[in-house]
Structures are given as structure tokens and as C-alpha cells.
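Geometric and topological summary
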Amino acid sequence: MCSSCRPPALALLLALSLAPMACGGGEPPRSAILVTLDTTRWDALSAHGVHPGVTPNLDALAAEGVLYEFAHTVAPITLPAHASMLTGLYPPRHTVRDNGFQPLPAAAVTLAEAAQAEGIQTAAFVASTVLDQAFGLDQGFATFSAPPRRTQQTTTHFVERTGTAVVLDALEWLGARDRARPFFLWVHLFDPHEPYTPPPKFLKVTEKNRTYYGEVAYIDEAVGILVDALRKDGTLAEATMIVVSDHGESLFEHQEATHSHFCYESTLKVPLLIRYPDGSPAGERSAEVVSVVDVYPTLLEAMGLSVASALDGVSLFHRAVPAGRGAYFEAYTGFIAFGWSPLAGWLDAKGKYIHSSAPEFYDLAADPDETKNVLPEGRIDLRPYRAALAAIGSESPLATDRAAGIAADVLEAIQGLGYAAAGPLPAPIPPPLQDTGLPSPASMVGTYRTCQQALALVEAGRLEEARSAFQKVLVENPRNWLALERLGLCYVNLQKPDEAIPLLRRVVAEGPQRAGTYYNLGICLFSVGQRDRNVPPVKEGIDALRQAVRLDTAEPIFLRDLAAMLRATGQTAEADECDRRLAALPGAR
């Protein structure tokens, strides 16, 4: 029985053994390499036979190892998926449910921490701020190289590092490491994430969706550079390597342009391969049910470390998975950002159950494209699937022992990647089977498209048109916090603070607790209060700025404007304290 199917009574045992232990056989630890391909569909790997010629380097690597043909992510979004890879836990247990919200708790024992405890050198090279140190995945990495948090770029898309730049950075570290000691290396490649802008030479790899697959071809070249270097200096013969994607990309399948909102195979099914140091078993393929949560125990065993029993993942290291194994998945982005029903599900060799306010079941063997929900036919016994989800919901999460605030510039960078609801999580987060009474994501597709169009209008400076579009969204989807906040910002930018205030008040009262929302509310209240010589709005505005500073202690603009408000109302002592904190910030400006 897989760990996620344990009876709920065993949940009390989960805290007993989360940490891995050194192997007892006296063998020295070994090296391991994890390469994660962000936003890479399972069928983008040409070895699967759908798009030939796109990934020759990955295909060659797969031919030297084991290719898993039925691998799935835990969530179609970057941070939760990587958190599961590095902890061996499903999102309800490690508590990272979306990008830009709760960091990985310090109570988690990551792969890097387990390796470092045994004297293994650790290093990570990530390509995007979505995996910034602020979100806790740097735990245990002696070297954690990530893009700078701030940029002078004026577009909404944050500058990520290219695959080549990340690989060259990693190779520099490999060249300088202590060759007498084993190492654990994580390399993260981000290029296939929208917007797709591959080098021109890669636009010829395929005709359909050529910019996306061109990006995949580009990271394949980067992987080739890494593998060639490892092969030439003998390192590849000493290390187990896993290559896996965190999630796929819909490319408008099921009416989803990118990812994170639905749980269909286009974003949930991922490429996963293992290459062992001796290159055997070469060319093996497996149709077993495996998950990205298996990366943790597999690489622990590959490095010679014992695997704790209280994990959701299972080790794939030279072994088959347990018979009848199933895997959990979820998508809470719609719940957090848009007020939709959360998605949670369980899949096994017999099919795939997606639980929401409009449940779905797909026979993936007969219908791999998920064109027909067979639940209405009444022939599916959902009890095993619901029992598995109930067991997941009953397990105790890690203690969320970090401060909630994430720096505003990091959140803005993540929002620029399209994850617009970043900030502290709203509470409470419902367990997988809870009935929320909210609309299903599938029923909100048209509304979501309107919301995306409104965001594009804001980007183009067409604020009146954007305002109208956001109002339409809110008629159909009143709990869409993103639309509500951005409508408020439209009014702010249109110099209509009186109309922005009730919208922003509702967001901070009921939606995600973002420092930026409190800041904009505070600015509006203070300006209205000063204009009307009305003391209560002035006081409320200052309180809102104080809350913005509490949520994000490192944003200079918040401290600067709070100091100005305090000084304008005669509160000079507190204003001076804000000035002192501002001057103490790194790189204060």
C-alpha cells in the first residue's frame, strides 16, 4: 500500500520519521543530479514519439536509462511541484499550494539538507524568481544561484536566466568542487514558460506551436551541454541523474492557454527519466504510475541514504513501484486567486478522478485526451478514489513556521510571469473533499478569458476598457480577487480613489492578504481624507500602510510613504523610526 493510502489512524505517526538516515552499511555517499524542466509537456520529449526531432539530447539520455511513460506532477504549477520533489511530500503536507504564497516550512527536511548532513556537497542553479530563496527551497544548499530580484525591464515579464546561462553557471561550480567528495546538484531550466521566445534556429523543429517547442528544443541543447561536460570529465559515470518536468503546458487544450488552472493531462503528465551511473538498464521504458514526489526518496537512495517511511513518494531506484499504486494531484490556484472550487484528484492504472464542485472521471487508457467525462454513466466506483483523497486530507501538515511576508519585488516578478495572486495565503485552505459551494474551474473558462483580456488592456494603458471588462468578470465571478483588485487599481490609475476604496477594502477583508493591496488602499484613504479634511480615512489609510509594512518589511516604498503620512499628521517619532528602518535596508535608495 502506498504511503498516501494509509488509513487515517496512522496519520498520528507521520511526525515520527520525516528525516532520512544515513545508510547503515558503511558505504560512502554517492553523487546525484536533478535537472528540472519547467513547463515541459510529456509529449515534448521526442522519445515519446509525438514530436520527433525536438529533444535529441534528452532522447539520448533516455536511451541510456529508464523512461517513465506515465509520470505525473502533484500540481501544474512550479513552486508546489518542486517542493514535492525536494521533500517527498504532497502539497497538503508540505503546505506550498501555489506560487508566491507560503514558503516551504523550515520543518521540512529537503534533499539538500539530507545530503549536506552526510557531508555531500550541495548546489542549486535556478532560472526564475518563482523559485527565489524567499520561498524556502534553498534549505540545505551551500550554493543557491538564482536570478537577481530586481530588474530594469519595463515589460510585465520578469527576466529569467536562459538555459545556457544556468548550465554554464552550474558547470563552473562543478569545475571548482572538491572532487574527493560526492555532490548533489539541482539545475532548473525555465525557457518553455510563456512568453515563448526561442532563438531563431529552434523555430524549425516543428510546425504546430513552434515557438513553444522551439523553447523546449533550446533547453534540450542546454541539457546536452551539461551532459557532454559531465561525460567528458567522468562525472556522469559517478552520479545518478533524474530529469523531470514540474508540469506541462496546455497550449489551448481544454481551453486553457498555459497551466495552473486545470488538472488535465496536458499539464499534469510530465516527462521523467532516470540515468544510472553505469548507463544500465539502457533503453528501458516503464508504464508504472509514478509521481514527481518520488524524486526525493529515489535520489536519497541513489546517494546512499536511507529513506524515511513517512513519505508520500516511493523510491524508484532500481525497483518497481508497489502494485496498485495511485498518485495524488491538485490545483488550488483557481480557489486562491479567482474564488473557484479547488481541484484535487487521484489517478491510478484504472483511471483519473478530478474532484471539484463538478466532478470528472476519465478512462485514460481508452480516452487519453480526456474528451469524455464518464461519471454520468454511473459505472465508476469512486469509493477508492475518494478514500485516497480523504486520507490525504487527514494527514497532518508541516508547521508553517516562517514569517508570512514575501518581498514586494519578488511578488511583482512572479505576478509578471502570470501568477497574479501572489501574497500570503487566504485562510482556511479547504481539504481535498470539502464542498466549497464555489463554481468549478471548467465552468469559468469564458470568464477567465475575459479576465486575461482585461489584464492585457491594463498593460496597453486602455484603462477604461479594462475597467469595463473587469466589471463584466465580477458579475459572473464575484469572488474573483484578481479582477476585484485590478479593477480597484484601474480606479487608482484613473485618479478615482473614492471608487477604488470599497473594492480594495473587500479584497483585504476576504481575499489574499497582499502587502501591495494594503498599500494602494492606504494611499487612496489618506488622499481622500486629506482632500475632505476627514480624520477617519486618514487614520485608516495610515493603518493600512502599517499593515503593508508588517506584511513586507523590506519594501522601501512602503516605509517611505508611511513615514511621509506619519510626518504629515504630526507623528514624527514613528516617522523617524520608519526612516531609520528605510536607511538600514540593503541597497537603500
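Everything in this summary refers to the structure shown in the same document. Given the structure is predicted, the values throughout are model-derived calculations rather than measurements.

Right, let's talk about the overall build of the chain for a bit. Check the secondary structure of the chain and you find 19 helices and 15 strands. A total of 589 residues make up the chain; the buried ones form 59% of that total. For the chain, the accessible area works out to roughly 22300 Å², and carbon and sulfur atoms hold 54% of it.

Right, let's get into the nonpolar core. Counting residues in each nonpolar core, the largest one holds 118 residues, and the members touching the most others are F184, L185, W186 and L189. Every residue in contact with L189, bar those within four places of it in the chain, is listed here: V35, T36, L37, D38, A127, G163, V166, V167, I219, A222 and V223. By size, the runner-up hydrophobic cluster in this structure holds 53 residues, among which are Y448, L487, Y518 and F526.

Where helix α12 (residues 445-459) contacts helix α13 (residues 463-476), the axes come no closer than 8 Å and their chain directions differ by 160°. As far as their axial angle goes, α13 and α12 are roughly antiparallel. The hand of the α12/α13 crossing is left-handed. For the pair α12 and α13, contact is made by T447, T450, C451, A454, L455, L457 and V458 and by L463, E465, A466, A469, F470, K472, V473 and E476, respectively. Taken together, the residues of the contact of α12 with α13 break down into ten nonpolar, two polar and three charged.

With that settled, consider the environment of L174. Counting through the fold element by element, L174 comes out in helix α5 (residues 163-176). Sequence spacing of L174 and L185 is eleven residues, and the spatial spacing of their C-alpha atoms is 8.7 Å. The contacts of L174, once residues within four sequence positions are left out, are R179, F183, L185, L226 and L230.

So, about α5. Between its terminal C-alpha atoms α5 stretches 20 Å, which fits the 20 Å expected from 14 residues at 1.5 Å a residue. On its buried side, α5 packs onto β4 (121-125), β5 (143-145), β6 (183-189) and α6 (210-232).

Here we have four strands laid out as an open sheet, ordered β12-β13-β14-β15, and antiparallel in their pairing. Each of the sheet's edge strands pairs with one partner strand only, and the pair in question is β12 (327-331) and β15 (360-362). Each strand axis lies, on average, 15° off the axis of its neighbour in the sheet, ignoring direction. Note: strand β14 (residues 351-355) against β15, three bridges, orientation antiparallel.

Between its first and last C-alpha, α6 extends 32 Å over 23 residues, near the 33 Å set by a 1.5 Å rise per residue. One or two steps after α6, the chain reaches G234, where phi turns positive at roughly 85°.

Procedures and definitions
Residues numbered from 1 in each chain as written. Predicted model: local features only at pLDDT ≥ 70, side-chain atom pairs only at ≥ 80, totals over all residues. Heavy atoms only, no water. Helix = DSSP H or I, 4+ residues; strand = E, 2+ residues; numbered from the N terminus. Buried < 20%, exposed > 50% of the residue type's maximum accessible area, 1.4 Å probe, protein only. Areas by Shrake-Rupley, 256 points an atom, 1.4 Å probe, with all protein chains shown as cover. Core = buried A, V, L, I, M, F, W, Y, C linked by side-chain atoms within 4.5 Å. Contact = heavy atoms within 4.5 Å. Axes fitted to C-alpha atoms, helices over the stretch in contact; angles between N-to-C directions. Parallel < 35°, antiparallel > 145°, perpendicular 65-115°, else oblique. Left-handed = near helix turned anticlockwise from the far one by under 90°. Nonpolar A, V, L, I, M, F, W, Y, C, P; charged D, E, K, R; others polar. Expected span 1.5 Å × (residues − 1). Pairing = 2+ DSSP bridges.

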